[in-house]
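Here is how the chains run, residue by residue.
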Amino acid sequence: MENKLTKKYGLLTAICMVVGTVVGSGIFFKAGKVLQNTNGNMLKCLVTVGGVGLIMLVCSYVFSVLAQKHEKVNGIVDYSEVTCGRKFAYIVGWFMTTIYYPTITSTLAWVSGQYTCVLFGWDPCSDLHLVVSAFYLVMGYFVNAISPKVAGKFQVSATFIKFVPLLVMGVVGTIVGLTNGNIGEAFKANIAVEGGSGSIITAMCAFAFAYEGWIITTSINSELKNSKKNLPIALVLGAVIVVGIYLLYFLGLSGVLKTEELMASGDVPKDAFTALFKNEVFGTIVYVFIVISCLGTMNG
């Protein structure tokens, strides 16, 4: 009996998949790299984040055009076939199967395990870290294989949950920064540090990983209700949401900590949330959201 993929996902799941596969660990641990490579200047930081985001927007729009015309079973592989031929699609399929998907999912499981160890005070470089990472990877595959609908609901939930710390820092941090003058100072900052280039291009290269993963959403086109309409909407709208939330988060960071403190921080999320709420407990709690954020990206 022939197995057919059923239309089990709606527009909300597709949007959450775009956002959820992009917003993971990158926004949390790449902020320091961006600051170092822009000499702490917030205007350059925002240009960096917005510049890479613009690239994502253009790419997602291109794929949204393809999604309006073609609906098969394997997203990017299908698009490769209709644009460049079967041989190229064959190569792309093997690349995605043997390199891209295994690398990105195992990396996200590894990062999730590391942040889990940090949260519970375990050694993040121990064998236990590898066990936790392997557990996340196996469970992620198990849930998606046994119950795709449950995986879809987790994707939606994880996406909304991961927005909590980003929105809190973005909105509250910006208000605080406008009040205490930190944001104004951040736009004037020019602090050279060892290992920093002061180049927006270098900062863009460092931050590019934070925009990775959205293309995976194209693989559910044959399981998405009204795919030719909903997938293009999800790709474009999801990209806009990601760019907006990233810009707001960076602005919020500059409001709660001075530029020198952000650049000297070895753990930007923890130090920023501790400073925002004047309590180290909140600096620890943010790791819970980061773990969920990473797992949501891995699930996608």
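Located above this text is the structure these notes cover.
Residues numbered from 1 in each chain as written. Predicted model: local features only at pLDDT ≥ 70, side-chain atom pairs only at ≥ 80, totals over all residues. Heavy atoms only, no water.

Q: Got a sec to walk through a nonpolar patch on the surface? Specific residues and values, please.
A: A surface patch of nonpolar side chains, amounting to about 680 Å² of accessible area, comprises Leu54, Val58, Tyr61, Val62, Ile233, Val236, Leu237 and Val240. Secondary structure elements with two or more residues in the nonpolar patch: helix H4 (42-69) and helix H11 (227-256). Structurally, valine 240 is set in helix H11. Among the residues examined, valine 240 registers a relative accessible area of 45% and is labelled partly exposed. (Patch = residues over 30% accessible without salt bridge, like charges linked within 9 Å, V, L, I, M, F, W, Y side chains within 5 Å. Areas by Shrake-Rupley, 256 points an atom, 1.4 Å probe, with all protein chains shown as cover. Salt bridge = Lys/Arg side-chain N within 4 Å of Asp/Glu carboxyl O. Helix = DSSP H or I, 4+ residues; strand = E, 2+ residues; numbered from the N terminus. Buried < 20%, exposed > 50% of the residue type's maximum accessible area, 1.4 Å probe, protein only.)

Q: Talk me through the nonpolar core; I want residue IDs and the actual numbers.
A: Grouped together as the largest cluster of nonpolar side chains are 77 residues, with contacts concentrated most on Ile27, Phe207, Tyr211, Tyr246 and Phe250. Per element, the largest residue contribution to this core is 13 residues, and it comes from H11. Apart from residues lying up to four places away in sequence, isoleucine 27 is in contact with Leu166, Phe207, Ala210, Tyr246, Tyr249 and Phe250. (Core = buried A, V, L, I, M, F, W, Y, C linked by side-chain atoms within 4.5 Å. Contact = heavy atoms within 4.5 Å.)

Q: Summarise the layout of surface pockets; cite the residues concerned and give the values.
A: Left-over empty space is what a probe sized like a water molecule reveals as it rolls over the atoms. In this structure, the second largest pocket spans a volume of roughly 360 Å³. If you trace the second largest pocket, you find 18 residues lining it, with Phe28, Phe29, Tyr115, Gly266 and Asp267 closest to the centre. Contributions of two or more residues to the lining of the second largest pocket are made by helix H2 (26-29), helix H3 (31-37), helix H6 (86-120), helix H12 (259-264) and helix H13 (268-277). Ranked by residue count, the leading element in the lining of the second largest pocket is H6, at five residues. For the lining of the second largest pocket, the residue count by class is eleven nonpolar, five polar and two charged. (1 Å grid on protein atoms, 1.4 Å probe; cavity = no way out; pocket = protein on both sides within 12 Å on 5 of 7 lines; lining within 4 Å. Points joined across faces, edges and corners; volume = space filled by probe spheres on them. Nonpolar A, V, L, I, M, F, W, Y, C, P; charged D, E, K, R; others polar.)

Q: I'd like to hear about empty space enclosed by the protein, residue by residue, with values.
A: Here the structure, examined in full by the defined rule, presents one cavity of 30 Å³ or more. Here the largest cavity is characterised by a volume of approximately 70 Å³. Looking at the largest cavity, it is lined by eleven residues, and the ones nearest its centre are Val22, Leu108, Phe209, Glu212 and Thr297. Sorting the residues of the lining of the largest cavity by element identifies helix H1 (11-22) and H6 as the ones contributing at least two each. Tallied by class, residues from the lining of the largest cavity come to five nonpolar, five polar and one charged.

Q: Account for helix H10 (residues 200-207), with residues named and values stated.
A: Inspection of H10 places Ala203, Met204, Ala206 and Phe207 among the buried residues, and these make up the whole buried set. All buried residues of H10 fall inside an arc of 160° around its axis, so they share one side. More than 90 degrees from the buried face of H10, the exposed residues found are Ile201 and Cys205. Contact partners of the buried residues in H10: H2, H3, H4 and H11. (Arc of directions from axis to C-beta.)

That is the geometry; function is a separate question.
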